[in-house]
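Descriptive structure summary
Chain residues, written in single-letter form:
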Amino acid sequence: MNETRARDLETRAERRSQEVAIQDASQDRERLAADADQDQARSRVEHEQVQARAHDAPACGHHSPPR
């Protein structure tokens, strides 16, 4: 009887460990997806800023922007 109980407890512990590992992996995926979204948004903003500066800059060094 004790042997059966010990196996049952061991099986429950293994199952719980697997459940926790699955939850951790899911949370990691969510964090990575959120980080990727933030990186993409940051890159888009940086690209837009570079484009705006390039558009505002004079075509060559001989001309100043209109006033």
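These figures come from a predicted structure and were not determined experimentally.

A closer look at the overall build of the chain
- Helix and strand content of the chain: one helix and zero strands.
- Residue burial in the chain is summarised as follows: out of 67 residues, 0% are buried.
- Entry remark: accessible area of the chain is about 6500 Å², with carbon and sulfur atoms responsible for 51%.

Details of the pattern of salt bridges
- Applying the stated criterion across every chain yields a total of five salt bridges.
- In this structure, Arg 31 and Asp 28 form a salt bridge, with 2.4 Å as the shortest nitrogen-oxygen distance. Pair noted here: Arg 31 and Asp 28 are both in helix H1 (residues 2-56), with a separation of three residues, about one helical turn.

What counts as what
- Residues numbered from 1 in each chain as written.
- Predicted model: local features only at pLDDT ≥ 70, side-chain atom pairs only at ≥ 80, totals over all residues.
- Heavy atoms only, no water.
- Helix = DSSP H or I, 4+ residues; strand = E, 2+ residues; numbered from the N terminus.
- Buried < 20%, exposed > 50% of the residue type's maximum accessible area, 1.4 Å probe, protein only.
- Areas by Shrake-Rupley, 256 points an atom, 1.4 Å probe, with all protein chains shown as cover.
- Salt bridge = Lys/Arg side-chain N within 4 Å of Asp/Glu carboxyl O.

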